[in-house]
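Coordinate inspection notes
Below are the chains, spelled out letter by letter.
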Amino acid sequence: MQPYVSANGARIPALGYGTFRLPGPDTLRMVPHALKLGFRHIDTAQIYGNEAEVGAGIEASGVKRADIFLTTKVWVDKYGHDALVASVDESLKKLRTDYVDLLLLHWPAGHALPEPVDALNEVVKAGKVRHIGVSNFNVAQMQEAIRLSAVPLVTNQVEYHPYLDQSPVIKAARAAGLVVTAYYAMADGKVFGDPVLKDIAAAKGRTVAQIVLRWVLQQDLVVLSKTAGEARAAENFAVFDFELSPDEMAAIHALARPDGRLLSPPALAPVWDAA
């Protein structure tokens with residue numbers, strides 16, 4: 001049984017199955033497989049173009065909707081109040097559900113926050129969304145969204161892997177009762193050749209991916225794993241029966257470097273916090 005993380009009233013499965021850059025056919029195949037393995041947190045987004053396949057995959061899995069924590073994200077061209085509300089209705093239709101467990105603003109993109117945050121609150125009050133949050137926000141933007149929202153935010157989903165120190169946003173999120181959700185944990189594949197991670201994996205009799213996922217989980221964070229392979233998905237889920245030592249955790253933290261960030265799209269990203 002996988003652990004859950006509590007954040008401002010939300011109970012979030014700590015390990016999620018992510019669908020970023022997962023084509024429709026792979027999504028349709030892998031979502032039921034992930035759910036059968038034991039994953040209970042599925043993450044998608046409007047911009048991924050696979051919400052319909054996520055919804056069909058959930059239906060095909062035989063797992064009860066009430067047992068699944070489903071996250072999607074509003075794209076930046078839908079941050080106007082009416083556009084955001086309409087986009088949620090469209091997402092619900094594609095996802096074949098009458099609610100999502102978590103709805104995030106996908107990138108700050110330089111937008112003023114009062115309007116989209118107000119719309120997030122509205123869809124919660126309408127029963128279409130259970131919890132809300134943000135993604136790729138820096139500390140100041142996250143704190144502004146928290147101040148603007150009557151409904152508590154529960155997460156800030158950000159890039160996080162061994163090469164990127166995200167301690168400022170993790171610390172600020174914790175102080176406000178939020179949890180950070182880590183995406184891109186494998187650093188776009190860079191972790192797999194890392195000698196430090198390979199040594200720890202060999203010592204534990206585990207894969208590098210399992211070591212990285214465990215490293216994030218032991219920080220009491222939520223982490224998304226993504227793969228199009230059934231065997232790899234099973235390996236990714238098998239991370240709850242071992243622990244990394246304090247020395248191993250520290251060795252992985254020490255891999256962080258100033259140029260470690262991989263994703264910072266010019267029109268979407270904020271000015272990032274310095275570690």
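For the structure, check the block above.
Described in the following lines is the structure provided in the data block. (Residues numbered from 1 in each chain as written. Predicted model: local features only at pLDDT ≥ 70, side-chain atom pairs only at ≥ 80, totals over all residues. Heavy atoms only, no water.)

**Description of the overall build of the protein**
Stated precisely, the cut-off is as follows: A run of DSSP states H or I qualifies as a helix once it reaches four residues; a run of E qualifies as a strand once it reaches two. Both are numbered from the N-terminal end. Between the two quantities, the radius of gyration covers C-alpha atoms and the globule rule is 2.2 Å times the number of residues to the power 0.38. The buried label applies to any residue whose accessible area, calculated with a 1.4 Å probe on protein chains only, is under 20% of its type's maximum; exposed applies above 50%, and partly exposed to all values in between. Only the protein chains shown count as covering a residue, and every accessible area follows the Shrake-Rupley method with a 1.4 Å probe.
For the protein, the count of helices and strands is 10 helices and 10 strands. Against the compact-globule benchmark of 19 Å for 275 residues, the protein has a radius of gyration of 18 Å, which places it among compact chains. Reported as C-alpha extents along the three principal axes, the dimensions of the protein are approximately 55 × 45 × 30 Å. Looking at the 275 residues of the protein, the share that counts as buried comes to 56%. A total accessible area of about 11,300 Å² is found for the protein, and carbon and sulfur atoms account for 53% of it.

**Describing the environment of Y48**
This is how it is decided: The contact definition used throughout considers only heavy atoms, calling two residues in contact when any of these lie within 4.5 Å. Two N or O atoms form a polar contact when they lie within 3.5 Å of each other; inside protein one atom must be a possible hydrogen donor and the other a possible acceptor, and for residues adjacent in sequence the pair counts only when both atoms belong to side chains.
Structurally, Y48 can be placed in the loop between β4 (41-43) and α2 (51-61). Setting aside residues up to four positions removed in sequence, Y48 forms contacts with T19, F20, D43, K73 and H106. Looking at Y48, its side chain comes within polar contact range of the side chain of K73, at 3.2 Å.

**Quick look at the side chain of E51**
Worth spelling out the cut-off: Charge counting follows a simple rule: Lys and Arg are positive, Asp and Glu are negative, and His as well as the terminal groups are ignored. Salt bridges are identified by distance alone: a Lys or Arg side-chain nitrogen within 4 Å of an Asp or Glu carboxyl oxygen.
The topology assignment puts E51 in helix α2. For the buried residue E51, which engages in no salt bridge, the nearest side chain bearing the opposite charge is K94, 4.5 Å off. At a separation of 2.6 Å, a polar atom in the side chain of E51 contacts the side chain of T72. When near neighbours in sequence (up to four residues on either side) are disregarded, E51 contacts T44, A45, Q46, T72, S91, K94 and L95.

**Here's the deal with the pairing of strand β1 (residues 4-7)**
Put simply, the rule reads: Strand pairing follows a simple DSSP-based rule, namely that at least 2 bridges must link the two strands.
Of the two faces of β1, only one is covered, namely that formed by V5 and A7; the face formed by Y4 and S6 stays uncovered. With four bridges connecting them, β1 and strand β2 (residues 10-13) associate as antiparallel partners. Note that in β2 the partner of S6 across the bridge is R11. Counted between consecutive antiparallel strands, the loop separating β1 from β2 contains two residues, among which N8 sits at a positive phi close to 45 degrees.

**As for the packing of α2 against helix α3 (residues 81-95)**
Quick reminder of the rule: For helices, the axis comes from a line fit to the C-alpha atoms of the stretch in contact; other axes are also lines fit to C-alpha atoms, and the angle between any two N-to-C directions lies between 0 and 180 degrees. To sort the angles, those under 35 degrees are grouped as roughly parallel, those over 145 as roughly antiparallel, those from 65 to 115 as roughly perpendicular, and the leftovers as oblique. For this classification, Asp, Glu, Lys and Arg are treated as charged, while Ala, Val, Leu, Ile, Met, Phe, Trp, Tyr, Cys and Pro are nonpolar and the rest, including Gly, are polar.
Across the interface, α2 lies against α3 with an axial gap of 7 Å and an inter-helix angle of 45 degrees. Put simply, α2 runs oblique to α3. On the side of α2, the interface is formed by E51, A52, V54 and G55, while α3 contributes S91, K94 and L95. Residues of the contact of α2 with α3, tallied by class, amount to three nonpolar, two polar and two charged.

**Description of the packing of aromatic side chains**
Under the convention used in this document: Stacked, edge-to-face and tilted labels apply to pairs of Phe, Tyr and Trp rings (six-membered ring for Trp) whose centres lie within 6.5 Å, assigned for plane angles under 30 degrees, over 60, and everything in between, in that order.
Evaluation of the coordinates by the stated rule reveals eight aromatic pairs. Centre to centre, the rings of Y17 and F39 are 5.9 Å apart; their planes meet at 70 degrees, and the pair counts as edge-to-face. Separated by 22 residues along the polypeptide, Y17 in strand β3 (residues 15-18) and F39 in the loop between α1 (24-37) and β4 bring together distant segments of the chain. F39 matches Y17 in its accessibility class, with the two residues each being buried.

**A closer look at the pattern of salt bridges**
Evaluation of the coordinates by the stated rule reveals 12 salt bridges. The partner of R29 in a salt bridge is D26, and the shortest N-O contact between them spans 2.8 Å. Here D26 and R29 lie together in helix α1, a separation of three residues that amounts to about one turn. Exposure remark for D26: the relative accessible area of 22% places this residue in the partly exposed category.

**What to know about a negative patch on the surface**
To keep it simple, the criterion reads: To count toward a patch, a residue needs a relative accessible area above 30% and no salt bridge. Like charges then connect within 9 Å, nonpolar side chains (Val, Leu, Ile, Met, Phe, Trp, Tyr) within 5 Å. By convention, the charge on Lys lies at NZ, on Arg at CZ, on Asp at CG and on Glu at CD.
Among the surface-exposed residues, D82, E115, D118 and E122 lie close enough to one another that they form a single negatively charged patch. Along the chain, D82 turns up in helix α3. What makes D82 exposed here is its relative accessible area of 62%.

**A closer look at unusual backbone geometry**
Of note, N8 is a non-glycine position whose phi angle comes to about 45 degrees, a positive value. When you line up the elements, N8 lands in the loop between β1 and β2. A positive phi angle, close to 65 degrees, is found at Y184, a residue other than glycine. Considering the arrangement of structural elements, one finds Y184 in the loop between β9 (179-183) and α7 (195-204). Owing to a relative accessible area of 14%, Y184 belongs among the buried residues under this scheme.

Everything listed is a geometric property; what it means functionally is a separate question.
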